[in-house]
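Structural overview
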Amino acid sequence: MASNPLDSTIGALLLGTFVSLILYGANCLQLYRYIRLYPTDHVSLKILVFLVMLFETLHTVAPMHACYHYLVTKFFDTKAVQQGVWSLNVSPALATVCLIIAEGFFVRRVSLIGTKSSAVALVAMSCLLATSVMSIVLTVKAFATNNIQDFDRETRNITGVDLLLGALADYLLAGTMILALRRDKDHSSRASRVEVATVYILNTGFLTGTLQWMATIMAFVFPYKLYWTPFGLIATKLYGVTLLSVLNSRKHMASQGITIFDGAYRPNVIARAHRLATLERFNVPQGTDKEALPVINVNITEEREEHGGNDYGSYLSSMSNFHKAIPQV
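Predicted model only: the values in this text are computed from it and were never measured. (Residues numbered from 1 in each chain as written. Predicted model: local features only at pLDDT ≥ 70, side-chain atom pairs only at ≥ 80, totals over all residues. Heavy atoms only, no water.)

**Re the confidence of the model for the protein**
- Confidence in the prediction for the protein averages 80 pLDDT; 73% of positions are at 70 or higher.
- A low-confidence stretch, residues 262-274 stays under pLDDT 50, and its non-local contacts, those more than four residues away or across chains, total 21 contacts.
- A low-confidence stretch, residues 322-326 stays under pLDDT 50, and its non-local contacts, those more than four residues away or across chains, total one contact. (pLDDT = per-residue confidence, 0-100. Contact = heavy atoms within 4.5 Å.)

**Regarding the packing of helix 7 (residues 156-183) against helix 9 (residues 206-221)**
- Where helix 7 meets helix 9, the closest approach of the two axes is 8 Å, and the angle between their N-to-C directions is 155°. One way to sum up the angle between helix 7 and helix 9 is to call them roughly antiparallel. When the axes of helix 7 and helix 9 are compared, the crossing they make is left-handed. Facing helix 7, whose interface residues are Gly160, Val161, Leu163, Leu164, Ala167, Asp170, Tyr171, Ala174 and Ile178, helix 9 presents Phe206, Thr208, Gly209, Thr210, Gln212, Trp213, Ala215, Thr216, Ala219 and Phe220. (Axes fitted to C-alpha atoms, helices over the stretch in contact; angles between N-to-C directions. Helix = DSSP H or I, 4+ residues; strand = E, 2+ residues; numbered from the N terminus. Parallel < 35°, antiparallel > 145°, perpendicular 65-115°, else oblique. Left-handed = near helix turned anticlockwise from the far one by under 90°.)

**Here we look at a nonpolar patch on the surface**
- A cluster of nonpolar side chains, contributed by Val43, Ile47, Phe50, Leu51, Leu54 and Leu58, occupies part of the molecular surface with about 520 Å² of accessible area.
- Among the structural elements, phenylalanine 50 can be located in helix 2 (residues 43-73). (Patch = residues over 30% accessible without salt bridge, like charges linked within 9 Å, V, L, I, M, F, W, Y side chains within 5 Å. Areas by Shrake-Rupley, 256 points an atom, 1.4 Å probe, with all protein chains shown as cover. Salt bridge = Lys/Arg side-chain N within 4 Å of Asp/Glu carboxyl O.)

**Focus: empty space enclosed by the protein**
- Tallying each qualifying case throughout the model produces two cavities of 30 Å³ or more.
- Roughly 580 Å³ of internal volume is contained in the largest cavity.
- Leu88, Ser91, Pro92, Trp228 and Thr229 are the residues nearest the centre of the largest cavity, which is lined by 33 residues in total.
- Looking at the lining of the largest cavity, the elements with two or more residues in it are helix 2, helix 3 (86-89), helix 4 (91-111), helix 5 (115-145), helix 6 (148-154), helix 7 and helix 10 (229-248).
- Within the lining of the largest cavity, the residues separate by chemical class into 15 nonpolar, 16 polar and two charged.
- In this structure, the second largest cavity spans a volume of roughly 80 Å³.
- Lining the second largest cavity are Phe151, Asp152, Thr155, Arg156, Thr159, Ala219, Pro223, Lys225 and Trp228.
- Taken together, the residues that form the lining of the second largest cavity break down as four nonpolar, two polar and three charged. (1 Å grid on protein atoms, 1.4 Å probe; cavity = no way out; pocket = protein on both sides within 12 Å on 5 of 7 lines; lining within 4 Å. Points joined across faces, edges and corners; volume = space filled by probe spheres on them. Nonpolar A, V, L, I, M, F, W, Y, C, P; charged D, E, K, R; others polar.)

**Comments concerning the packing of aromatic side chains**
- Scanning the model with the defined rule gives six aromatic pairs in all.
- For the ring pair phenylalanine 105 and phenylalanine 106, a centre distance of 5.3 Å and an interplane angle of 85° mean the geometry is edge-to-face.
- A relative accessible area of 7% means that phenylalanine 105 is categorised as buried.
- Note on phenylalanine 106: relative accessible area 2%, which makes it buried.
- Between phenylalanine 222 and tyrosine 227, the ring centres sit 5.0 Å apart and the planes meet at 85°, which makes this aromatic pair edge-to-face.
- What makes tyrosine 227 partly exposed here is its relative accessible area of 31%.
- An aromatic cluster of three or more residues is present, and its members are Tyr171, Phe206 and Trp213.
- For arginine 250, the ring lying beneath its charged end belongs to tyrosine 38, and the centroid distance is 3.9 Å. (Phe/Tyr/Trp six-rings, centres within 6.5 Å; stacked < 30°, edge-to-face > 60°. Buried < 20%, exposed > 50% of the residue type's maximum accessible area, 1.4 Å probe, protein only. Lys NZ or Arg CZ within 6 Å of the ring centre and 35° of its normal.)

**Digging into the nonpolar core**
- One finds Phe105, Leu173 and Leu247 to be the most contacted residues of the largest nonpolar core, which totals 28 residues.
- Elements with a contribution of two residues or more to this core: helix 1 (10-37), helix 2, helix 4, helix 5, helix 7 and helix 10.
- If we skip the residues at most four places from it in the chain, leucine 247 touches Tyr34, Tyr38, Leu45, Val49 and Phe105.
- By size, the runner-up hydrophobic cluster in this structure holds eleven residues, among which are Leu23, Leu202, Leu211 and Leu238. (Core = buried A, V, L, I, M, F, W, Y, C linked by side-chain atoms within 4.5 Å.)

**Quick look at the layout of surface pockets**
- Considering only enclosed or pocket space, the second largest pocket measures out at about 210 Å³ in volume.
- What lines the second largest pocket is Pro5, Leu6, Ser8, Thr9, Val81, Gln82, Ile148, Gln149, Asp152, Tyr224 and Lys225.
- In terms of residue class, the lining of the second largest pocket is made up of five nonpolar, four polar and two charged.

As structure tokens, then:
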């Protein structure tokens, strides 16, 4: 029985869209938590989160439109499956923008760990820039050919190398952060295994790198099919999940002694003490400078009775003067 050709094209795209929609819901939840937990964050972080969610949303709408185009609008057009559509053509560029915004945050943080880490961050940034160039080339080729078979034939190697560079950047950054965590053993006695696993697998970007590697393998092994598409769509959504997970877990992870971006492998003791003091005051009403809390002064008085010759004589003298001052009736 011959296999359906749609399984390796529209079918793969549809499955990837299903899973990416679930992860987009996780992104929305993380965005809500970020707004509630960190309303006083620096404006640069807020802009970063806004841009990530904006392009994650666009990257979610694009495959949805492509699936609707092929499976509904052009359902009875047998030739339409071989023709490109604008939403599918812009997907590589949108995915790369999400990648660069999210990974740019980690590149900056990794460069602050140390001198060797700065070199790793530079290499990772070079890979990201090369990925952006290749994504632009893929997008231009997609609009120029407007035929899926011709596009696959002309961009066979470009697609694989593009995914490979993205995976390499992910693993370089994730490996550096994992080494930083391994050198800091302060969290081992306080953090649970689930928390440590979450940091090592998700917050470092190791999971996104693994998915990118799987997409790379599929792109080279099946060059004329879209088996790599589900892995690429899922990895793109995980960039947003990873970034927001790191931002939202700062307070809790600091309370467990798990830190990555303190400028050194071992967190600064004073900075950690300040963070822990802030956590202990969580959900406790705090007074402001303009609203001074009422001050209660407590004065302690002491009465002392002494018995002695001089004191007793003074007491008799004072009592005698007191009786003299009372009018006689």
